[in-house]
Amino acid sequence: MNQIIETILNHRSIRKYEDKPLTDEQIEVIVRSAQAAATSSYVQAYTIIGIKDKEKKKKLAELAGNQPYVEKNGHLLIFCADLHRHQLVAEMENVDVSQALETTECFMIALIDAALAAQNAALAAESMGLGICYIGGIRNKLVEVSELLQIPIHVIPLFGMTIGYPVHNSDKKPRLPFEHVYHEDTYQSNSSTLKAQLEEYNKTIKQYYAERTHGKRQDTWTSQMADKFSEPKRLYMKDYVQNQGFNKK
Ligand SMILES: Cc1cc2nc3c(=O)[nH]c(=O)nc-3n(C[C@H](O)[C@H](O)[C@H](O)COP(=O)(O)O)c2cc1C
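Each chain carries its own residue numbering, running from 1 in the written order of its sequence. Only residues with pLDDT of at least 70 get local features here, since the model is predicted, and only at 80 or more are side-chain atom pairs given and counted; chain-wide, interface and lining totals rely on the full set of residues. Hydrogens and waters are ignored; side-chain quantities use all the structure's heavy atoms.

On to the domain arrangement of the protein chain, then. The assigned domain composition of the protein chain is domain 1 (3-171 + 235-243) and domain 2 (178-218). When each unit is reduced to the centre of its C-alpha atoms, the spacing between domain 1 and domain 2 is 30 Å. Residue ranges for the domains trace back to a domain assignment, done automatically or taken from a database.

Here's what the structure looks like:
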């Protein structure tokens, strides 16, 4: 196994960091690594906002559901889907792109590009001995987050990423069984096979939580997912996304 694969397989989210800011050089390496990711048709439909202002970090931590590590970390990045610059391109090239930018396809391009860039950033940081945690919690309150960060039309903050020196390594969370995730040639939709694999996975997860909480936590993966999806959340999102000029046709 090479070092890159070791880094990838060693991932775990880190939620407690030393009080030690990243240097500008470290930030630049991480952002340049993000930018090196492949991008749909060279569109590069994302922007990364680094948050250094302490008050802004504090406010973002609150908006993200009072997650303390959003305030206390080595650096905080906000990954945004961004087609704003393509509107500028239209002005520079004297063409009308407004119809194209509003399509679901362009929305998907921007989401995919931003996610690929983010995961490159995560791996770069982890390869430097730093820890990371993605912060989807900012989507609890995107209107307020957008105001705070002065987000223009055609830009959507998607998630944050805390980065820093880990205080301790958290435990590695077991993933779904390989066969459950990797199908060959066609989608394998045999329900009883898939459910049997999930039952097996539940046993692993139950044991994982029991060991880490001295038996206090008993939940399984399917119970967590049932809880998460038992009711729709963040229902303001459709309007917010469309108001930002995305996913309208
Ligand atoms: C897009 C995204 C958003 C996330 N948002 C949060 C968050 O707001 N707070 C948090 O503590 N963890 C968050 N996470 C981390 C996940 O909970 C974590 O990756 C998952 O439970 C698996 O654990 P692991 O990363 O330690 O392997 C997020 C992860 C992703 C990919």
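Throughout this description, the term salt bridge denotes a Lys or Arg side-chain nitrogen within 4 Å of a carboxyl oxygen of Asp or Glu. Scanning the model with the defined rule gives ten salt bridges in all. Notably, a salt bridge pairs Glu-102 with Lys-249, separated by 2.6 Å at the nearest N-O pair. In this pair, Glu-102 is assigned in the loop between helix H6 (98-101) and helix H7 (104-127) and Lys-249 in the segment after helix H12 (237-243), connecting sequence segments 147 residues apart. Residue burial is assigned from relative accessible area. The probe radius is 1.4 Å, only protein chains are included, and a residue is buried under 20% of its type maximum, exposed over 50%, and partly exposed in between. Relative accessible area serves as the criterion here: at 17%, Glu-102 is assigned to the buried category. Here Glu-200 and Lys-203 are joined by a salt bridge, their closest N and O atoms 3.3 Å apart. Here Glu-200 pairs with Lys-203, and both are found in helix H10 (residues 191-212), just three residues apart, close to one helical turn. Runs of E in the DSSP output that reach at least two residues are strands. Runs of H or I that reach at least four are helices, and both are numbered from the N terminus.

Ring pairs are drawn from Phe, Tyr and Trp, using the six-membered ring of Trp, whenever the two centres fall within 6.5 Å, and their geometry is named by plane angle: stacked under 30 degrees, edge-to-face over 60, tilted for the rest. Taken as a whole, this structure holds seven aromatic pairs when the rule is applied. A centroid spacing of 6.3 Å and a plane angle of 70 degrees characterise the contact between Tyr-236 and Tyr-240, whose relative ring orientation is edge-to-face. Members of the aromatic cluster, connected to one another through ring pairs, are Phe-79, Tyr-134 and Phe-159. Taking NZ or CZ as reference, Lys-20 lies 4.2 Å from the ring centre of Tyr-165, over its face. Two limits define a charge over a ring: the Lys NZ or Arg CZ must be within 6 Å of the ring centre, and within 35 degrees of the ring normal.

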